[in-house]
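If you want the building blocks of each chain, they are given just below.
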Amino acid sequence: MQKLRLLAFLMLLAIVFILAGCIENPSNDAASSEGDTEAPSTEEGEKVVNIGYSGPLSGPAAYYGERTLNGMQMAAEEINNNGGFEVNGQTYKMNVVALDDKYLPNETAANAKRLIQESQTPIIFTPHSGGVKAMQVFNEREEFIIGAYTSEPAITETGNSLTVRIPPRYDGYMEPFTNYSMERFGKKLAALPTASQYGKDWTETLLPYWKEQGGEVVYNSSVDFSKDTDFFTMVTNALKEEPDVLFIGGPSEPTAKLAEQARKLGFDGGFIIMDQAKLDEMKSVTGTYETFEGAIGVMPLVNADYPGTPEFVEKYKEKFGETPGSEAGFHYIATYIFMEAMKAAGTVEDAKAIREHMEEGIKQLPKEKQVYTIEGIGEDGGFITDSRVAAVEDGEIVPIEMEQ
């Protein structure tokens, strides 16, 4: 009898362990899709403030999402290693809580609600306009700031009082991109940008401007980089119209491959590169800038000469084994600015107060942290940034003057 009872007890115990394992597995799976963010260690009397992030950490856009997150994590790590920061006599360490949204706006909204409820984040970063728009539906009601990494002008034209746009608006690139391309190559433009909403918005801004300057749009289509991997047919169709300039853009890697395909098909004109693609990242695909001769786009961070750029590039390369792009640089500096705004506001919780002290936060940013020159924050909530563009000439990056 005792043996039967012992056997029954052991079987019950085994079932309990099995069930426990089943319960643990889903949480492990969920964690695997989140950023590798470990809460900082604290000394007695120190507290932790959580900063949220929702971006693509899996799927086709994971490369992009990881590099935006890298900038935030690098800044937070530096802050914590230097003893944290003090607000009204209280020392805080910064913890970046990152969730994967797979580049889907509905997932961004769900992540934001989770970050608010579970981590009480006063600020949530996201690196895509769809995610920003999804959070703008409720961020003022829930009282958290959106750290919006998107150059879409509409983001700050909604009047949302708790949205901070981090990079420059893309409509500022129309004049220098158009003038340079027309003067060097001619007035016939063929458009083959990414098929995303962002690509459509860019196209609807550039093409009318091109025509206003006396140019002609000879071809207008788009590329779904999530599906299309062979660009031969669409590039061939565009080149049949004998354009002087190709307008292309999207993620850097497929954009580079599209440009390379155009060269192989005999195109010797210029490229207008929308700001999502980066010239230095495109070079890493082809191994040379010669493929992109005559291309104009945003200035690669590694070629910029802002006060804090050299030190940041060196530290980033040491930590991640690669050169940083603007995604990492802007998230790095924005994290520091938000910290300084908290100090000026005297709170790490009141999003409205933090937002009201963003200008002070910008002014308090140490020179060595100025990876970009940010002069202030506009009434619309966008950083006022010293934008720079560059072109590829004779296989080298050359700065191009633009009106600020």
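For the structure given in this document, a descriptive report is provided here. (Residues numbered from 1 in each chain as written. Predicted model: local features only at pLDDT ≥ 70, side-chain atom pairs only at ≥ 80, totals over all residues. Heavy atoms only, no water.)

## Some words on the overall build of the protein chain
And step 1. Helix and strand counts for the protein chain stand at 14 helices and 15 strands.
And step 2. The C-alpha atoms of the protein chain give a radius of gyration of 24 Å, which matches the 22 Å a tight globule of 404 residues would have.
And step 3. Along the first, second and third principal axes, the C-alpha atoms of the protein chain reach 90 × 55 × 40 Å.
And step 4. Looking at the 404 residues of the protein chain, the share that counts as buried comes to 55%.
And step 5. In the protein chain, the share of contacts with a sequence separation of at least 24, taken over all contacts with a separation of at least 6, comes to 66%. (Helix = DSSP H or I, 4+ residues; strand = E, 2+ residues; numbered from the N terminus. Rg over C-alpha atoms; globule rule 2.2 N^0.38 Å. Buried < 20%, exposed > 50% of the residue type's maximum accessible area, 1.4 Å probe, protein only. Contact = heavy atoms within 4.5 Å.)

## Here's the deal with the nonpolar core
And step 1. In terms of nonpolar packing, the biggest core is built from 83 residues, with F85, F125, F271 and F383 touching the most fellow members.
And step 2. Tallying contributions element by element places helix α12 (residues 326-345) first for this core, with 12 residues.
And step 3. Grouped together as the second largest cluster of nonpolar side chains are 23 residues, A191, W210, V389 and I400 included. (Core = buried A, V, L, I, M, F, W, Y, C linked by side-chain atoms within 4.5 Å.)

## Topic: the packing of helix α6 (residues 174-184) against helix α7 (residues 197-212)
And step 1. Relative to each other, α6 and α7 sit at 50°, their axes nearing to 10 Å. Considering their axes alone, α6 and α7 lie oblique with respect to each other. Between α6 and α7 lies a crossing of right-handed hand. Residues M174, E175, F177, T178, S181 and M182 of α6 pack against W202, T205, L206, Y209 and W210 of α7.
And step 2. For the contact of α6 with α7, a count of residues per class yields seven nonpolar, three polar and one charged. (Axes fitted to C-alpha atoms, helices over the stretch in contact; angles between N-to-C directions. Parallel < 35°, antiparallel > 145°, perpendicular 65-115°, else oblique. Left-handed = near helix turned anticlockwise from the far one by under 90°. Nonpolar A, V, L, I, M, F, W, Y, C, P; charged D, E, K, R; others polar.)

## Some points on the sheet that holds strand β14 (residues 389-393)
And step 1. Spatially, β8-β7-β9-β10-β11-β14-β15 is the arrangement adopted by the seven strands of the open sheet, whose pairing is mixed. Taken across any chain shown, the strands that pair with only one partner, and hence form the sheet edges, are β8 (216-220) and β15 (396-400). Taking the axes of each pair of neighbouring strands and ignoring which way they run, one obtains an average angle of 25° across the sheet.
And step 2. In the sheet, β14 pairs with β15 via five bridges, with the strands oriented antiparallel. Residue A391 lies in a different strand from β15, and its bridge partner there is V398.
And step 3. Running at roughly 165° to strand β7 (residues 188-193), helix α8 (residues 232-239) makes contact with β7, β8 and β9 (245-249) of the sheet. (Pairing = 2+ DSSP bridges.)

## Focus: the sheet that holds strand β6 (residues 163-165)
And step 1. Strand order in the open sheet made by the six strands is β2-β3-β1-β4-β5-β6, with mixed pairing throughout. In this open sheet, the two strands that pair with only one neighbour each are β2 (85-87) and β6. Neighbour-to-neighbour, the strand axes of the sheet open up by a mean angle of 35°, direction not taken into account.

## Overview of unusual backbone geometry
Excluding glycine, most residues fall at negative phi; most peptide bonds, likewise, are trans.
And step 1. Even without being a glycine, N88 presents a positive backbone phi close to 50°.
And step 2. Along the chain, the position of N88 falls in the loop between β2 and β3 (90-100).
And step 3. The exposure class assigned to N88 is exposed, which follows from its relative accessible area of 68%.
And step 4. In this model, D394 sits at a positive phi of 55°, which is unusual for a non-glycine residue.
And step 5. Inspection of the secondary structure puts D394 in the loop between β14 and β15.

## What to know about the packing of helix α2 (residues 62-81) against α12
And step 1. Here α2 crosses α12 at 40°, and the two axes come no closer than 7 Å. At the point where α2 passes α12, the crossing takes the right-handed sense. Contacts between α2 and α12 pair Y64, R67, T68, G71, M72, M74, A75, E78 and I79 from the former with E327, A328, H331, Y332, T335, Y336 and M339 from the latter.
And step 2. Split into classes, the residues belonging to the contact of α2 with α12 amount to nine nonpolar, four polar and three charged.

## Focus: the packing of aromatic side chains
And step 1. If you walk through the whole model with that rule in mind, you get 18 aromatic pairs.
And step 2. Grouping aromatic residues by their ring pairs yields a cluster made of Y170, Y173, F177, Y198, W202 and F247.
And step 3. Over the ring of Y63 we find R67, and its NZ or CZ is 3.5 Å from the ring centre.
And step 4. A cation sits over an aromatic face here: K319 above F320, 5.5 Å from the ring centre. (Phe/Tyr/Trp six-rings, centres within 6.5 Å; stacked < 30°, edge-to-face > 60°. Lys NZ or Arg CZ within 6 Å of the ring centre and 35° of its normal.)

## With respect to the pairing of strand β1 (residues 47-55)
And step 1. Across the nine residues of β1, seven count as buried, placing the element largely inside the fold.
And step 2. Summarising the sheet, β1 and β3 pair through nine bridges and their orientation is parallel. Across the sheet, residue N50 finds its bridge partner in β3, namely N95.
And step 3. Sheet topology places β1 next to strand β4 (residues 123-126); two bridges connect them, and they run parallel. Each bridged residue has a counterpart across the sheet, and for G52 the counterpart in β4 is I124.

## Some words on the pattern of salt bridges
And step 1. As enumerated under the stated definition, the model contains 19 salt bridges in all.
And step 2. Connected via shared salt-bridge partners are E78, E311, K315 and K369. (Salt bridge = Lys/Arg side-chain N within 4 Å of Asp/Glu carboxyl O.)

## Observations regarding helix α3 (residues 105-119)
Turn by turn, an α-helix covers 3.6 residues, leaving residues three or four places apart pointing in a common direction.
And step 1. In this model, α3 (15 residues) spans 20 Å end to end at C-alpha, consistent with the 21 Å of a helix rising 1.5 Å per residue.
And step 2. Where α3 is concerned, the buried positions are T108, A109, N111, A112, L115, I116 and S119. Here the buried residues of α3 occupy an arc of 165° about the axis, which is enough to place them on one side. Residues N106, Q117 and E118 are exposed on α3 and point more than 90 degrees away from its buried face.
And step 3. Considering only its buried residues, α3 is in contact with β1, β3, β4, α4 (129-136) and α5 (139-142). (Expected span 1.5 Å × (residues − 1). Arc of directions from axis to C-beta.)

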